[in-house]
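Spelled out from the first residue to the last, the chains are:
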Amino acid sequence: MDAVEVRRSPRARRWRLEVPWGEPARLTVPPSMNRADIERVLAEKRPWIVEQRQRQTPRLGLELLAVSESEARLGARELVSALAEEEAELLEVRYRRIRIGGQRSLWGSCSARGTLSFNWRLVLAPLDVLDYVVVHELCHLRVANHSQKFWGLVERRRPHWRGQRAWLREHGPELLAFRPSE
Ligand SMILES: [Zn+2]
């Protein structure tokens, strides 16, 4: 059974419960919330926590990967750079640089100044998923939002993007929780 970490936060207006992959469940409460109310929330939400945990069954086999973060980052940089270079030409866009990061919640982003950032954990995903994220961010250099126009552009470049996005939604949390053994 999960132990739940209780944190008091001066900024919390109401309680918030999270069950992150690979980390203890966490209840954040406002400073004024009393012990009895906290216990009541924990008791009420216990089945929900169990349900969340049951969905978090590892399916990607990541625990078997003997890969260090520096190796994975290097691999990610190489793959992403090669794909971005090729695709930028086809899309007729220019980016300034590529940054490989380790965000715990984000796959890719594109700054107004043309810096493309990607999560190194993408290198552990199927190649077509990594490819989709690269193309997605490059398309933002043409259309900065997620309008129909944007998705139309993505679809022209990668007709099967929905499957790749669905893969990320389903397996992304497991991938984001992956920490190399080193
Ligand atoms: Zn986007």
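Residues numbered from 1 in each chain as written. Predicted model: local features only at pLDDT ≥ 70, side-chain atom pairs only at ≥ 80, totals over all residues. Heavy atoms only, no water.

Visitor: Requested: an account of a positive patch on the surface, with residues and values cited.
Guide: Taken together, the side chains of Arg77, Arg96, Arg97, Arg99 and Arg113 define a basic patch exposed on the protein surface. Within the secondary structure, arginine 77 is located in helix H2 (residues 69-91). (Patch = residues over 30% accessible without salt bridge, like charges linked within 9 Å, V, L, I, M, F, W, Y side chains within 5 Å. Areas by Shrake-Rupley, 256 points an atom, 1.4 Å probe, with all protein chains shown as cover. Salt bridge = Lys/Arg side-chain N within 4 Å of Asp/Glu carboxyl O. Lys, Arg positive; Asp, Glu negative; His and termini not counted. Charge placed at Lys NZ, Arg CZ, Asp CG, Glu CD. Helix = DSSP H or I, 4+ residues; strand = E, 2+ residues; numbered from the N terminus.)

Visitor: Kindly report on the sheet that holds strand E2 (residues 16-18), identifying the contributing residues and their values.
Guide: The strand order E1-E3-E2 describes an open sheet built from three strands, whose pairing is mixed. Two strands in the sheet have a free side with no partner beyond their single neighbour: strand E1 (4-8) and E2. Pairs of neighbouring strands in the sheet enclose a mean axial angle of 20°, with direction left out of account. As defined by bridge partners, E2 adjoins strand E3 (residues 25-29) across three bridges and the pair is classed as antiparallel. Each bridged residue has a counterpart across the sheet, and for glutamate 18 the counterpart in E3 is arginine 26. (Pairing = 2+ DSSP bridges. Axes fitted to C-alpha atoms, helices over the stretch in contact; angles between N-to-C directions.)

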